[in-house]
Amino acid sequence: MAEPLSVGMLGYGFMGRAHANALARLPMFFPETPAVERHTLVGRDEAALSDAADRFGFEHTATDWRAVVDDVDVLYNLAPNHLHAEPSIAALEAGTAVLCEKPLAATLADAEAMVAAAADADVPAACAFNYRFVPAIQYAKRLIDRGDLGEIRQFRGRYLQDWLVDPDAPWTWRMDADSAGSGALGDLGAHTVDLARFLLGDHAGEIDRVTGQLATFTEERPVYVDDGETVDDYRPVTVDDAYTANAEFENGAVGTFEASRVAAGHKNDHTIEIHGTGGSLRFSLERLNELEVLTGDSRGYETVLITDETDPYAGNWWPPGHVLGWEHTFVHENSEFLSAVAGDSETFAPSFADGYAVQRVLDAIERAADRGTWVAVGSDAADD
Ligand code: SOE
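Residues numbered from 1 in each chain as written. Predicted model: local features only at pLDDT ≥ 70, side-chain atom pairs only at ≥ 80, totals over all residues. Heavy atoms only, no water.

Trainee: Got a minute to help me understand the site of the ligand in this structure?
Mentor: The local shell around the ligand consists of Phe 14, Lys 102, Tyr 131, Tyr 159, Gln 161, Trp 163, Arg 174, Asp 187, His 191 and Asn 268. With respect to the ligand, the side chain of Arg 174 contributes an N or O atom lying 3.2 Å from an oxygen atom. Starting from 300 Å² of accessible surface for the ligand in isolation, the protein chains cover 89%. Tallied by class, the residues present in the shell around the ligand amount to four nonpolar, three polar and three charged. (Near = heavy atom within 4 Å. Polar contact = N/O pair within 3.5 Å; in protein donor to acceptor, adjacent residues only side chain to side chain. Areas by Shrake-Rupley, 256 points an atom, 1.4 Å probe, with all protein chains shown as cover. Nonpolar A, V, L, I, M, F, W, Y, C, P; charged D, E, K, R; others polar.)

Given below as structure tokens:
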């Protein structure tokens, strides 16, 4: 029997929990996935790290990723965005496969260096766009690839959250341009742009050009002491709270994109709509087991529950109608990624190249917002 793949995980916050949970679920629900040893958890605060390692099932801890990247088979880079490039590149240079959280990097330059390192490596370099692995999204892709929607004319994607409506919500690294790159645009918009590329890339082509509008409504936010109530300091918010963009695809299809962290009442509302000459699709993350489909002569949308045994990934879980949730997307993503590490590594997607393609769109939206005009994706910033 093959040795289990040893995993090093950099970061043990929200994404650490999501991926460690996925690794724990795999042997029971996706037994065909290569076995994994949760080897080393990496972070800075030794006490918190050791507590997380116990809960997540990691055998070792380390406070410096440099000591880990060539000691494991796989690096999960779940650190803040400005720490995506250096450890991921070092791992790839050591022949260690990488799964890096989205957006690929805080800057286009970092993303470029990462995609170059991935091209030189013969191990998979994955960008963790987990929403590709929602069964209903995979099902939507099947319908689009089969031609049920005809020629693609229009894409509409919005990702709305409300955790920053309150001006007293605490400052975090996600509000700092140096650490995060951008705000709602990179954190949420990256997912929507990735889904547009995933679903429509083979039909409408890439996004050619974009407009952009970015807004920050609360200019500084409090940092609290440990009691969570007493304000210690205020730090500036240097990223967007919300963005909107128009887009044109290679085939002439039109797109509208938006995301917000200040959309009161919307918790994790990632909704996409696609219209073609033969029909339409509607998906909402808050109802992720369902896909709304309109094709042929139908006068209205049909709501299809994507939980049948024959639906993507669904047969590995429960009987039809025994619905799945957000965390299952990580299980599917990890199963595909680890299978690629152990086998056909060339074909894994979403790859760093996909992450870079998304980053170019995000960058063009920011530049379009600065200029107040359409910007061609991939055009030279020096020409702005
Ligand atoms: C932000 O609130 C966040 O956690 C993103 O960072 C994730 O990528 C998204 O899936 C859910 O929202």
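Trainee: Can you help me understand helix H8 (residues 326-342) in this one?
Mentor: Count 3.6 residues to each turn of an α-helix, and residues three or four apart come out pointing the same way. The terminal C-alpha atoms of H8, which comprises 17 residues, lie 26 Å apart, in line with the 24 Å expected from a rise of 1.5 Å per residue. The element H8 is largely enclosed, with a buried count of 12 among its 17 residues. Burial in H8 covers these residues: His 328, Thr 329, Phe 330, Val 331, His 332, Glu 333, Asn 334, Ser 335, Phe 337, Leu 338, Ala 340 and Val 341. (Helix = DSSP H or I, 4+ residues; strand = E, 2+ residues; numbered from the N terminus. Expected span 1.5 Å × (residues − 1). Buried < 20%, exposed > 50% of the residue type's maximum accessible area, 1.4 Å probe, protein only.)

Trainee: Just to check I follow, could you spell out a negative patch on the surface for this structure?
Mentor: A cluster of acidic residues, Glu 219, Glu 220, Asp 232 and Asp 233, forms a negative patch on the protein surface. Considering the arrangement of structural elements, one finds Asp 233 in strand S11 (residues 231-236). According to the relative accessible area criterion, Asp 233 is partly exposed, its value standing at 37%. (Patch = residues over 30% accessible without salt bridge, like charges linked within 9 Å, V, L, I, M, F, W, Y side chains within 5 Å. Salt bridge = Lys/Arg side-chain N within 4 Å of Asp/Glu carboxyl O. Lys, Arg positive; Asp, Glu negative; His and termini not counted. Charge placed at Lys NZ, Arg CZ, Asp CG, Glu CD.)

Trainee: Just to check I follow, could you spell out the sheet that holds strand S5 (residues 97-100) for this structure?
Mentor: Strands pair in a sheet through their backbones, by hydrogen bonds, and they do so in one of two ways: parallel or antiparallel. With parallel pairing, six strands are arranged side by side in an open sheet as S3-S2-S1-S4-S5-S6. The open sheet has two edge strands with one neighbour each: strand S3 (60-62) and strand S6 (125-127). Taking each pair of neighbouring strands and ignoring which way they run, the sheet shows an average axis angle of 20°. Where strand S1 (residues 5-10) lies against strand S4 (residues 74-77), four bridges are found, and the strand directions are parallel. Within S4, the position partnered with Leu 10 by the bridge is Asn 77. Helix-sheet contacts for helix H2 (residues 46-56) involve strand S2 (36-42) and S3, and the interaxial angle to S2 is about 165°. (Pairing = 2+ DSSP bridges. Axes fitted to C-alpha atoms, helices over the stretch in contact; angles between N-to-C directions. Contact = heavy atoms within 4.5 Å.)

Trainee: Got a minute to help me understand the nonpolar core in this structure?
Mentor: The tendency in soluble globular proteins is for nonpolar side chains to be buried as a group. Counting residues in each nonpolar core, the largest one holds 113 residues, and the members touching the most others are Tyr 76, Phe 257, Phe 337 and Phe 352. Top element by residues in this core is helix H7 (residues 184-204). It accounts for 11 residues. Those residues within four positions of Phe 257 in sequence are excluded, and the remaining contacts are Phe 155, Gly 157, Thr 192, Val 193, Ala 196, Ile 207, Tyr 243, Thr 244, Ala 245, Ala 247 and Phe 249. Of all hydrophobic cores here, the second largest spans seven residues; its members include Leu 164, Met 175, Val 223 and Val 239. (Core = buried A, V, L, I, M, F, W, Y, C linked by side-chain atoms within 4.5 Å.)

Trainee: Just to check I follow, could you spell out the packing of aromatic side chains for this structure?
Mentor: How two aromatic rings sit relative to each other is given by the distance of their centres and the angle of their planes. Under the criterion given, the structure shown has 10 aromatic pairs. When the ring of Tyr 76 is compared with that of Phe 337, the centres are 6.0 Å apart and the planes differ by 80°; the resulting orientation is edge-to-face. A residue pair is termed long-range when its members are at least 10 positions apart, and Tyr 76 in strand S4 and Phe 337 in helix H8 qualify at 261 residues. The pair formed by Tyr 76 and Phe 337 is uniform in burial state, with each residue classed as buried. Aromatic rings pair up to connect Phe 29, Phe 30, Tyr 313, Trp 317 and Trp 318 into one cluster. A cation sits over an aromatic face here: Arg 235 above Trp 171, 4.7 Å from the ring centre. Between the NZ or CZ atom of Arg 282 and the centre of the ring of Tyr 301, over which it lies, the distance is 3.9 Å. (Phe/Tyr/Trp six-rings, centres within 6.5 Å; stacked < 30°, edge-to-face > 60°. Lys NZ or Arg CZ within 6 Å of the ring centre and 35° of its normal.)

Trainee: Before we go on, may I ask you to explain unusual backbone geometry in this structure?
Mentor: Trans peptide bonds make up the majority, and among non-glycine residues the majority have a negative phi. Of the consecutive residues Lys 102 and Pro 103, the connecting peptide bond is found in the cis state with omega at -15°. In this chain, Ala 349 is followed by Pro 350 through a cis amide linkage whose omega measures 5°. With respect to the helices and strands, the residue Pro 350 is situated in the loop between H8 and helix H9 (352-371). Of note in the backbone geometry, Tyr 313 takes a positive phi value of approximately 65° without being a glycine. Within the secondary structure layout, Tyr 313 lies in the loop between strand S17 (302-305) and H8.

The quantities given are spatial measurements derived from coordinates; they are silent on function.
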